[in-house]
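Structural overview
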Amino acid sequence: MIRNATKNDIEGILEIEKASFKWFDGFSKSVFYQYLNEFRDGFFVVLGKSGSIVGYAILADKKGNGYLLSIAVHPKSRNKGIAASLLKYLESKCRKKGFPKLMLEVREDNKRAIDVYKKQGLVEVAKKKDFYGDRVDALVMEKTVSD
Ligand SMILES: CC(C)(COP(=O)(O)OP(=O)(O)OC[C@H]1O[C@@H](n2cnc3c(N)ncnc32)[C@H](O)[C@@H]1OP(=O)(O)O)[C@@H](O)C(=O)NCCC(=O)NCCS
């Protein structure tokens, strides 16, 4: 089940964040609180069978398009199609909000994520040189979601 995130979810989201990103790539607790305020209908969590949080995604409005700020799935729940279903959910949110495109940036060395995005129909449209400050480029990917 996918629903909007609340303050009560932040601890569970942080657990996923810590298990998913190096400390300098992940968001802190205060950033998650800020995003919860800022993107009231753009911060989503996926609940597993036991009701615990197994994934999250944050969708922002960037110049009238849907911009995926972050997505992560708990390591124990990966390869079960959770990110795929979250991306489908984000696409439908984009349509409802009138965003023509879903866009994101991803580290060029994050092969797993790039594969998942490609499977969901996102295509590479640009590259941002040394975007993360460690000589790794960012791929800009997008998908047209308007009918
Ligand atoms: C990238 C990431 C979000 C992908 O999450 P995920 O939930 O494991 O991805 P999915 O399971 O949706 O990926 C789809 C895969 O699952 C498979 N799948 C889909 N439904 C399935 C099901 N019911 N059962 C088993 N597998 C299934 C798909 O065939 C696909 O497999 P393949 O791509 O290996 O061929 C996750 O690895 C992660 O959190 N990584 C760390 C954080 C990160 O890098 N975030 C992105 C930053 S830009």
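Let us look at the structure shown here. Owing to the predicted nature of the structure, the values given are computational and were not obtained by experimental measurement. Every residue gets a number counted from 1 within its own chain, in the order that chain's sequence is written. Two thresholds apply to this predicted model, a pLDDT of at least 70 for residue-level local features and 80 or more for giving and counting side-chain atom pairs, whereas whole-chain, interface and lining totals are computed over all residues.

Brief notes about the overall build of the protein
The condition is simple: Working definition: helices are DSSP H or I runs of at least four residues, strands are E runs of at least two. Numbering for both runs from the N terminus. The globule rule is 2.2 Å times the number of residues to the power 0.38, and the radius of gyration it is compared with is taken over C-alpha atoms. Every C-beta atom is placed from the backbone, and the number of other C-beta atoms within 10 Å of a residue's own sets its class: buried at 20 or more, exposed at 12 or fewer, partly exposed in between. With C-beta atoms placed from the backbone, a contact is any residue pair whose C-beta atoms sit within 7 Å.
Check the secondary structure of the protein and you find 4 helices and 7 strands. Mapped from its N terminus to its C terminus, the protein presents α and β elements in the order β-α-α-β-β-β-α-β-α-β-β. In summary, the protein has a C-alpha radius of gyration of 15 Å against a globular reference of 15 Å for 147 residues, a match within 12%. Overall size of the protein, expressed as C-alpha extent along the three principal axes, is 40 × 35 × 30 Å. Counting over 147 residues, the protein shows a buried share of 30%. At a minimum sequence separation of 6, the contacts of the protein that also span at least 24 residues come to 55%.

Comments concerning the nonpolar core
To keep things clear, this is the line we draw: Residues of type Ala, Val, Leu, Ile, Met, Phe, Trp, Tyr and Cys that are buried and joined through C-beta atoms within 7 Å form what is called a nonpolar core.
Counting 35 residues, the largest nonpolar core has Ile 13, Tyr 56, Ala 57, Leu 86 and Leu 90 as the members making the most contacts within it. Ignoring any residue separated from it by four or fewer positions in sequence, one finds Ile 13 in contact with Ala 5, Phe 32, Val 45, Ile 53 and Tyr 56.

Honestly, that's just the spatial picture; any functional story needs more than this.
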